[in-house]
Amino acid sequence: MKQIAALTLALGLAVSPASAQDGEVQEGFNLMEEGARLLMRGLMSEMEPAISELRGSLEDMAPVIGEFAREMGPALTDFLAQVDDFRHYEAPEFLPNGDIILRRKPTAPMWMPQDENGEIDL
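1. Some details on the overall build of the protein chain
- Of the regular secondary structure elements, the protein chain holds one helix and two strands.
- The order of helices and strands in the protein chain, counted from the N terminus, is α-β-β.
- Burial status across the protein chain gives 3% buried among its 122 residues.
- Here the contacts in the protein chain between residues at least 6 apart in sequence split such that 5% fall between residues at least 24 apart.
- Of the roughly 11,000 Å² of accessible surface on the protein chain, 64% is carried by carbon and sulfur atoms.

2. Here's the deal with the confidence of the model for the protein chain
- Summary statistics for the protein chain give a mean pLDDT of 77 and a share of 72% for residues scoring 70 or more.
- The least confident element of the protein chain, judged by mean pLDDT, is helix 1 (residues 2-82) at 76; the most confident is strand 1 (residues 93-94) at 94.

3. Quick word on a nonpolar patch on the surface
- On the surface, Phe 68, Met 72, Leu 76, Phe 79, Leu 80, Phe 86 and Leu 102 cluster together into a nonpolar patch covering about 630 Å² of accessible area.
- By secondary structure assignment, the location of Leu 80 is in helix 1.

4. Quick notes on the pattern of salt bridges
- Under the counting rule described, the total for this entry stands at five salt bridges.
- Each of Glu 33, Glu 34 and Arg 37 takes part in a single network of salt bridges with overlapping partners.

Cut-offs applied
Residues numbered from 1 in each chain as written. Predicted model: local features only at pLDDT ≥ 70, side-chain atom pairs only at ≥ 80, totals over all residues. Heavy atoms only, no water. Helix = DSSP H or I, 4+ residues; strand = E, 2+ residues; numbered from the N terminus. Buried < 20%, exposed > 50% of the residue type's maximum accessible area, 1.4 Å probe, protein only. Contact = heavy atoms within 4.5 Å. Areas by Shrake-Rupley, 256 points an atom, 1.4 Å probe, with all protein chains shown as cover. pLDDT = per-residue confidence, 0-100. Patch = residues over 30% accessible without salt bridge, like charges linked within 9 Å, V, L, I, M, F, W, Y side chains within 5 Å. Salt bridge = Lys/Arg side-chain N within 4 Å of Asp/Glu carboxyl O.

What follows is the structure, encoded as structure tokens:
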């Protein structure tokens, strides 16, 4: 009987500090959460002028981008139809006369051009 009472007393003492620590841990998490909120608010307030400036720049660029897409869209579509995968090409080489060369990597698989009907040109 004495062993059971001693075991119960020891178990009760062991559980009491654990429940007190739970409260401290929860309070610590609340403080960390509040700190994270304050940090995010500070970052957002510092970033707001840059975001507003970027938004204004993008609004100014919208007509230029639209015009570029109208003029270059068909040419880019044709170009992309002829390139199988950009990972198979080296970085572009810019020549003094303004030409741009895209060289295929030596390790790239053999490229087989296809026409609109899906047929292979030989």
